[in-house]
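# A structural walkthrough
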Amino acid sequence: MKLPSHDAAARTPGDGGHRVHLPDFPAGPLRQVARRLLLALLVLVLTVAIVYVDRAGYHDNADERVDFLDSVYYSTVTLSTTGYGDIVPYSDSARLSNILLVTPLRVLFLIILVGTTLEVLAERTREQYRLNRWRSALRDHTVVVGFGTKGRSAVETLCATGLPKNRVVVVDPNHKVIEAANAEGFAGVVGDATRSDVLLRAEAQRARQFVIATQRDDTAVLVTLTARQLNRGANIVAAVREEENAPLLRQSGADAVITSASAAGRLLGMSVQSPTAGAVIEDLIQQGTGLDLVERTVVKAEVGKSVRDTEDLVVSVLRGHRLLAYDDPDASPLQAADRLITIVRAPMVQE
């Protein structure tokens, strides 16, 4: 199987860079400063034009005449509030234009160069501090690679089970996708997740789990290999389109592999034979409404009891690496280290 270095979405024109995007992350400060410097230059040019047009109304102590260079000099020292006093307006029109035009332009110039520029730099400092604090506090989080239909649905399910949005980091090569994730309150990293430096920006080495929902199976294999290399103990769940690629993903380090095409086909076939059964399965995998499928630990009061004696409807018992059906004789009695896969009503999960 050919393994390209980029996902299909990574070839979107105009995408590039591997920077972290927190929700409501501001635009680049250098661009903002450059824009304000351009505005300040336009204010200077306008002031020079006003002075030069009415240059006959100004007096120069050096040679008593004001040319273009003198107009530029007077505008510069006036807008910067230096005001040496060697060139002064003496006619009524020149003084009136200074009052009505030059003085407001001077105030605007100071606001642009001093106030706004300092605000931009201070905002950048705040955002950098915010980013550093986010990095230092990020532990045991979930890294979601790919924020398409599969990735978005996975995140919605995780959040419905109680995962805070600030514990989710989305990685995708498309800037617009990351902007959409930011709009929903998730931090994001723009870049190709097959590269280790991109996953490191998402603090992958300290993540608890990975959700790999790329558009291509070969990309999912490379991302899984990279994630497992960076984090040996994380739980990695990956989605593939073709069932024949599932073993390769497991060999690459995925703990669980979901075959999206086959799963959708099986649900379609079940719905054809029994629409009600298909609706029940759809309800079970959709967290937060109706019935939910939940994995939980065995409480102290349930230790030693039969599977049928629990308050919830137990489907399976996970004992070590063995998955026991509810009617398996070995499933009962329950042990303290067991984990139960149960069906509960959604309000119980929310509580």
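Residues numbered from 1 in each chain as written. Predicted model: local features only at pLDDT ≥ 70, side-chain atom pairs only at ≥ 80, totals over all residues. Heavy atoms only, no water.

### Section: the nonpolar core
Counting 30 residues, the largest nonpolar core has Val171 and Phe210 as the members making the most contacts within it. With four residues, helix α7 (residues 217–230) is the largest single contributor of residues to this core. Aside from chain neighbours lying at most four places away, what touches Val171 is Val143, Val144, Val145, Gly146, Ile178, Val189, Gly191, Ala193, Val198 and Ala202. The next biggest cluster of nonpolar side chains, apart from the first, holds eleven residues, and it includes Leu163, Val170, Ala181 and Val190. (Core = buried A, V, L, I, M, F, W, Y, C linked by side-chain atoms within 4.5 Å. Buried < 20%, exposed > 50% of the residue type's maximum accessible area, 1.4 Å probe, protein only. Helix = DSSP H or I, 4+ residues; strand = E, 2+ residues; numbered from the N terminus. Contact = heavy atoms within 4.5 Å.)

### So, the packing of aromatic side chains
Tallied over the entire structure, the rule returns three aromatic pairs. For the pair Tyr52 and Phe68, a centre-to-centre distance of 5.7 Å together with 80 degrees between the ring planes defines the contact as edge-to-face. With Tyr52 in helix α1 (residues 29–53) and Phe68 in helix α2 (residues 68–79), this residue pair connects regions lying 16 residues apart in the sequence. Taking relative accessible area as the criterion, Tyr52 reaches 32% and is therefore assigned partly exposed. (Phe/Tyr/Trp six-rings, centres within 6.5 Å; stacked < 30°, edge-to-face > 60°.)

### Some points on the side chain of Asn231
Looking at where Asn231 falls in the secondary structure, it is placed in the loop between α7 and β8 (235–240). Residue classification places Asn231 among the buried residues on the basis of a relative accessible area of 7%. In terms of polar contacts, Asn231 uses its side chain to reach the backbone carbonyl oxygen of Ala207, at 2.9 Å. A polar contact of 3.1 Å, which involves the side chain of Asn231, links it to the backbone nitrogen of Ala234. Among residues more than four places away in sequence, those in contact with Asn231 are Ala204, Gln205, Arg206, Ala207 and Phe210. (Polar contact = N/O pair within 3.5 Å; in protein donor to acceptor, adjacent residues only side chain to side chain.)

### Some words on the UniProt feature "transmembrane region" (unreviewed entry) in the chain
The UniProt entry lists residues 37–53 and 99–122 under the feature "transmembrane region" (unreviewed entry), expressed in the numbering used here. Helix and strand shares over residues 37–53 are 100% and 0% respectively, and the end C-alpha atoms of the span are 24 Å apart. (UniProt positions renumbered as here; feature names shortened; annotations may be inferred.)

### Focus: the environment of Ala331
Within the fold, Ala331 resides in the loop between β12 (322–325) and β13 (339–345). For Ala331, a relative accessible area of 0% corresponds to the buried category. For the pair Ala331 and Ser316, spaced 15 residues apart in sequence, the C-alpha separation works out to 8.2 Å. Not counting residues within four places of it along the chain, the set of residues in contact with Ala331 comprises Val307, Val317, Arg319, Leu324, Ala325 and Tyr326.

### Structural notes on the sheet that holds β12
The sheet built from four strands is open, its strands ordered β10-β13-β11-β12 with antiparallel pairing. For this open sheet the edge positions go to β10 (291–297) and β12, each flanked by a neighbour on one side alone. Strand-to-strand twist across the sheet, computed as the mean angle between neighbouring axes with direction ignored, equals 25 degrees. Sheet analysis places strand β11 (residues 313–319) next to β12, joined by four bridges and oriented antiparallel. In the strand pairing of β12, Ser316 is matched with Ala325. (Pairing = 2+ DSSP bridges. Axes fitted to C-alpha atoms, helices over the stretch in contact; angles between N-to-C directions.)

### Re the pattern of salt bridges
When their charged atoms lie close together, side chains carrying opposite charge are able to pair. Scanning the model with the defined rule gives eleven salt bridges in all. Residues Glu203 and Arg206 are paired through a salt bridge, measuring 2.8 Å at the closest nitrogen-oxygen approach. For Arg206, a relative accessible area of 23% gives the class partly exposed. Arg296 is the partner of Asp312 in a salt bridge, and the nearest nitrogen-oxygen pair spans 3.0 Å. In this pair, Asp312 sits in the loop between β10 and β11 while Arg296 sits in strand β10, placing the two residues 16 residues apart along the sequence. Classification of Asp312 as buried rests on a relative accessible area of 15%. The exposure class of Arg296 is buried, given its relative accessible area of 18%. Each of Arg135, Glu203 and Arg206 takes part in a single network of salt bridges with overlapping partners. (Salt bridge = Lys/Arg side-chain N within 4 Å of Asp/Glu carboxyl O.)

### Quick look at the side chain of Asp172
Note on placement: Asp172 falls in strand β5 (residues 168–172). With no salt bridge to any partner, buried Asp172 finds its closest opposite charge in Arg152, at an N-O distance of 8.6 Å. One polar contact links the side chain of Asp172 to the main-chain amide nitrogen of Phe147, over a distance of 3.2 Å. Dropping the residues within four chain positions of it, Asp172 is found in contact with Gly146, Phe147, Val177, Ile178, Val189, Val190 and Gly191. (Lys, Arg positive; Asp, Glu negative; His and termini not counted.)

### Focus on a nonpolar patch on the surface
Together, Leu38, Leu39, Leu41, Leu42 and Val45 make up a nonpolar patch on the protein surface, roughly 460 Å² of accessible area in all. Considering the arrangement of structural elements, one finds Leu38 in helix α1. (Patch = residues over 30% accessible without salt bridge, like charges linked within 9 Å, V, L, I, M, F, W, Y side chains within 5 Å. Areas by Shrake-Rupley, 256 points an atom, 1.4 Å probe, with all protein chains shown as cover.)

### What about the environment of Ala202?
For Ala202, the position within the fold is in the loop between α6 (196–201) and β7 (209–212). For Ala202, a relative accessible area of 0% translates into the label buried. Sequence-wise, Ala202 and His141 are 61 residues apart; in three dimensions their C-alpha atoms are separated by 9.6 Å. Other than its neighbours up to four places away in sequence, Ala202 contacts Leu138, His141, Val143, Val169, Val171 and Val189.

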